[in-house]
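# Topology and contacts: notes
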Amino acid sequence: MRIGSIGSNLSLRQNSPYFKGDSRPFIVNVHNEENVGSKLDTNNFRTDGFQVLEFGEGPVTKLEGTYAPDVMVKGTIYYADHFEPVGDWALGTHSVVVAGEKYMKTLTIERLLDNKKDSPTVVNGQRYCLWKDVRFNKQKLNRMNIPTEPINKKDDEILEEEGEEALHASIKEAKESAKTDEEKAIARYREVREMRRIVERTHLEILDEMERLHIDYYGASKNPIPLIKVPDYEP
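For clarity, every value in this text was computed on a predicted model and none was experimentally measured.

Our next topic: the overall build of the protein. Regarding its fold elements, the protein presents six helices and five strands. Seen in sequence order, the protein has helices and strands lined up from the N terminus as β-β-β-β-α-β-α-α-α-α-α. When its C-alpha atoms are laid out on the principal axes, the protein stretches across 65 × 50 × 25 Å. Residues counted as buried form 44% of the 235 residues belonging to the protein. Counting only contacts in the protein whose residues sit at least 6 apart along the sequence, the fraction spanning at least 24 positions is 74%. Summing over all exposed atoms, the protein offers an accessible surface of approximately 13,300 Å²; the carbon and sulfur share of this is 49%. Of the charged side chains in the protein, 34 are positive and 41 negative, and the gap between their average positions amounts to 3 Å.

Below, the structure written as C-alpha cells:
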C-alpha cells in the first residue's frame, strides 16, 4: 500500500439519506393477488444518481388482511453505506438492495490486488462486505453438510507451500469446472475467503503506513467516519 492510497473521499461525498449500511422492512402495494409473485416496480424504491437498485433473493410475502385493489407485500431492503461494496450476503438475504453504482457486485480477487487508489474508507467497506460474505457462504456450506475446516486447511497449505498465484489459479479452476451446486458453493466460499484475506492484509498495510506518517485519517481530516463497523471476531 502506498501513500497515494491515503487520500480524501470528500469529493465523492453526498447527502442521500439512503446510504446507511442497514436493513429495513418495506411494504408496497401490488394491487392484485396475481402480482404477489411478480418482480416489484422499481418506482417503489427511491435512488439517486450515485445509486442503483437490484433485486435480491430474499422473500417477498403478502401482508395478511390486504385485498384487491390494495394487496400489500412486505420484504426487506438493504441500503449500503456510501463506500460499502455489495455482495452475496446483501443480495442473498434481502428482497431489494440499493447501493452505490461503483460498489454493486464489483469485488474480485484481481480488483482487490489492484488497490493502490483505495482509501481507508473504501477498504473498510470491502472488509465489511467480505466479512458478511464469508459468513454467508460458510452457512450455505453448513446447510449442505459440507465442513469448511478441510477447505480452509487445503487452501492455507497451497498458499504457504506454492504461493498466492497458485492459490488464485486453483480457485479460478474450481470455479470454471464446478458443475454441481456443492462444487459451486465450495468454489465461491474459497473465493470470498481469499478476498477477505487480501483485504485484511491491505487494511493492516494502510494502518502501518498511516502510523509511520503520523496521519490521523478520520480525526484531523474531513473524511467521514464509516457508519459500519467490521466485527472483531471471525465470521
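The next thing to look at is the packing of aromatic side chains. Evaluation of the coordinates by the stated rule reveals four aromatic pairs. Ring centres of F26 and F45 lie 5.1 Å apart, and the angle between their planes is 85 degrees; this geometry places the pair in the edge-to-face category. In this pair, F26 sits in strand 1 (residues 22–31) while F45 sits in the loop between strand 1 and strand 2 (51–55), placing the two residues 19 residues apart along the sequence. Each member of the pair, F26 as well as F45, carries the same accessibility label: buried. Summarising the aromatic geometry, the rings of Y78 and W89 are spaced 5.1 Å apart at their centres and angled 85 degrees between planes, so their arrangement reads as edge-to-face. With Y78 in strand 4 (residues 71–79) and W89 in helix 1 (residues 88–93), this residue pair connects regions lying eleven residues apart in the sequence. The exposure classification of Y78 matches that of W89, with both residues buried. The ring of Y67 is capped by K62, whose NZ or CZ atom sits 5.4 Å from the centre of that ring.

Let us now look at the pairing of strand 5 (residues 96–100). Most of strand 5 is tucked away: five of the five residues are buried. Across five bridges, the pairing between strand 2 and strand 5 is antiparallel. Opposite V52, over in strand 5, you have A99 as the bridge partner. Strand direction decides the pairing type here: strand 4 and strand 5, joined by three bridges, are parallel.

On average, the protein scores 89 in pLDDT, and the residues at 70 or more come to 91%. When the criterion is pLDDT under 50, residues 1–14 qualifies, and its contacts beyond four places in sequence or with other chains add up to 45 contacts.

What counts, and at which threshold
Residues numbered from 1 in each chain as written. Predicted model: local features only at pLDDT ≥ 70, side-chain atom pairs only at ≥ 80, totals over all residues. Heavy atoms only, no water. Helix = DSSP H or I, 4+ residues; strand = E, 2+ residues; numbered from the N terminus. Buried < 20%, exposed > 50% of the residue type's maximum accessible area, 1.4 Å probe, protein only. Contact = heavy atoms within 4.5 Å. Areas by Shrake-Rupley, 256 points an atom, 1.4 Å probe, with all protein chains shown as cover. Lys, Arg positive; Asp, Glu negative; His and termini not counted. Charge placed at Lys NZ, Arg CZ, Asp CG, Glu CD. Phe/Tyr/Trp six-rings, centres within 6.5 Å; stacked < 30°, edge-to-face > 60°. Lys NZ or Arg CZ within 6 Å of the ring centre and 35° of its normal. Pairing = 2+ DSSP bridges. pLDDT = per-residue confidence, 0-100.

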